[in-house]
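Inside the fold
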Amino acid sequence: MSERLPLGVLGGTFDPVPVGHLRLAEEACELLGLARVRWIPAGQPRHRETPRVAPAHRLRMVELAIAGNPRFELDAAEAESGEASYTVPTLERLRIESGAAQPLVLILGADAYAGLPTWHRWREIFSLAHVAVTHRPGFPVDPAALPEALRREHLARIVAGDDAAALAAAPAGRILGLAMTPLAVSATQVRALLAAGRSARYLLPPAVIDYIDLHHLYRSRNGS
Ligand code: ATP
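An account of the accompanying structure is given in this report. Predicted, not measured: the structure shown is a model, and the values here were computed from it. (Residues numbered from 1 in each chain as written. Predicted model: local features only at pLDDT ≥ 70, side-chain atom pairs only at ≥ 80, totals over all residues. Heavy atoms only, no water.)

Comments concerning the overall build of the protein chain
Selection rule: Runs of E in the DSSP output that reach at least two residues are strands. Runs of H or I that reach at least four are helices, and both are numbered from the N terminus. Here the radius of gyration uses the C-alpha set of atoms, whereas the globule reference equals 2.2 Å times the residue count to the power 0.38. Partly exposed residues are those whose accessible area sits between 20% and 50% of the maximum for their type, while under 20% is buried and over 50% is exposed, using a 1.4 Å probe and protein chains only. We call two residues contacting when some pair of their heavy atoms lies within 4.5 Å.
Broken down by element type, the protein chain carries 10 helices and nine strands. Whereas a compact globule of 224 residues would reach a radius of gyration of roughly 17 Å, the protein chain reaches 17 Å, a difference of no more than 12%. Out of the 224 residues belonging to the protein chain, those deemed buried represent 46%. Nonlocal contacts in the protein chain, meaning residues at least 24 apart in sequence, comprise 73% of its contacts between residues at least 6 apart.

Quick look at the pattern of salt bridges
Formally: The term salt bridge refers to a pairing of a side-chain nitrogen on Lys or Arg with a carboxyl oxygen on Asp or Glu at a separation within 4 Å.
Tallied over the full model, the rule gives 17 salt bridges. Where Glu27 meets Arg23, a salt bridge forms, and the shortest distance between an N and an O atom there is 2.9 Å. On the criterion of helical spacing, the pair formed by Glu27 and Arg23 is a turn pair, its members being four residues apart in helix α1 (residues 19-32). Given a relative accessible area of 5%, Glu27 falls into the buried group. Residues joined in a network through salt bridges with shared partners are Arg36, Arg38, Glu73, Asp75, Arg93 and Glu97.

With respect to the side chain of His57
Examined against the element boundaries, His57 turns out to sit in helix α2 (residues 55-66). Taking relative accessible area as the criterion, His57 reaches 18% and is therefore assigned buried. In contact with His57, not counting residues within four places along its chain, are Tyr211, His215 and Leu217.

Focus: the site of the ligand
Here is the rule we go by: Residues are counted as near a molecule or strand when any one of their heavy atoms sits within 4 Å of it. Polar contacts here mean pairs of N or O atoms no more than 3.5 Å apart (in protein, one a potential hydrogen donor and the other a potential acceptor; neighbouring residues in sequence count only if both atoms are side-chain atoms). In these tables, accessible area is a Shrake-Rupley quantity obtained with a 1.4 Å probe, and a residue counts as shielded only by the protein chains included in the view.
Among the 21 residues in the neighbourhood of the ligand, the closest are listed as Asp111, Arg136, Leu183, Ala187 and Thr188. Thr13 places a main-chain nitrogen or oxygen 3.0 Å from an oxygen atom of the ligand. His21 places a side-chain nitrogen or oxygen 2.9 Å from an oxygen atom of the ligand. In the complex, 92% of the free accessible area of the ligand, which totals 600 Å², lies under the protein chains. Contributing elements (two or more residues each) for the shell around the ligand: β1 (7-12), α1, β6 (104-109), α5 (110-114) and α9 (187-195).

Thoughts on the sheet that holds strand β7 (residues 130-134)
We apply this condition: Strands were regarded as paired on the criterion that DSSP finds at least two bridges between them. Inter-axis angles, ranging from 0 to 180 degrees, are taken between N-to-C directions of lines fitted to C-alpha atoms, where helices are fitted over the stretch in contact.
Strand order in this open sheet of seven strands is β4-β2-β1-β6-β7-β9-β8, and the pairing throughout is parallel. In the strand order of this sheet, the two ends are held by β4 (72-74) and β8 (158-159), each with one partner. Note: strand β2 (residues 36-41) against β4, three bridges, orientation parallel. Within β4, the residue paired with Trp39 across the bridge is Leu74. Relative to strand β9 (residues 175-178), α1 is tilted by about 120°, and along the sheet it contacts β1, β2, β4, β6, β7 and β9. Contacting β2 and β4, α2 runs over the sheet at an angle of about 160° to β4.

Digging into the packing of aromatic side chains
Basically, it comes down to this: Any Phe, Tyr or Trp ring, taking Trp's six-membered ring, that has another such ring centre within 6.5 Å forms a pair; planes under 30 degrees apart are called stacked, those over 60 apart edge-to-face, and the others tilted.
Evaluated as defined, the whole model comprises three aromatic pairs. Look at Phe14 and Trp39: their rings are 5.3 Å apart centre to centre, the planes differ by 45°, and that puts the pair in the tilted class. Of this pair, Phe14 sits in the loop between β1 and α1 while Trp39 is found in strand β2, placing the two residues 25 residues apart along the sequence. Trp39 shares its class with Phe14; the two are buried. Centre to centre, the rings of Trp122 and Phe126 are 6.2 Å apart; their planes meet at 80°, and the pair counts as edge-to-face. Here Trp122 and Phe126 have matching classes, each one buried. Members of the aromatic cluster, connected to one another through ring pairs, are Phe14, Trp39 and Phe72.

Written out as structure tokens, the structure is:
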């Protein structure tokens, strides 16, 4: 029975892992009835600039951030591959791993969602997974503002925000707006604080702050 609860998929650079990421995963679990959330740090993401710190550090920071939450799990494949990271091949791998009937839910902030049409083979996402998109502060999910090709997919696939059952009822293909607690913190903001020698306390899990301090990460403009 629990095998058919949807599996959440949260990709990102996690450079580092602010509390917004954790609340996003936690609230997605609760509101969408997910069995688990698979955290997948990117190796070299293709649609954005190179992360400030190495994949091994970002992997370890995610591992520390999610420790103790039995519904969160780390997927090291992209970060360890040493190659460019693409979401569709990752979803194909998860589909093979979990079987044709397993609902998969790709979790995205509204900023990432609006950029979807720039992603490699992006239309195939909808045959592999559902998409849950959250209203990140500063980035409302306004269908009228989406790129035309995405707007068409959005309007054809959107289900009511409280209709989590729609995600469990099919393996892929639906889009749902996720109303999480608005948290405006971003990894960019945290990196800027650290580079300025300022505190990032309470914006990151304590274990991640300790790791950053131990390895002197983000302290200069050159990164690690
Ligand atoms: P950066 O500031 O370096 O661009 P980021 O904070 O957006 O990074 P990512 O690792 O790129 O972090 O984000 C992973 C996913 O989490 C993306 O889908 C992003 O939209 C989402 N996300 C990150 N922070 C928040 C937040 N505060 N609220 C909602 N979604 C978020």
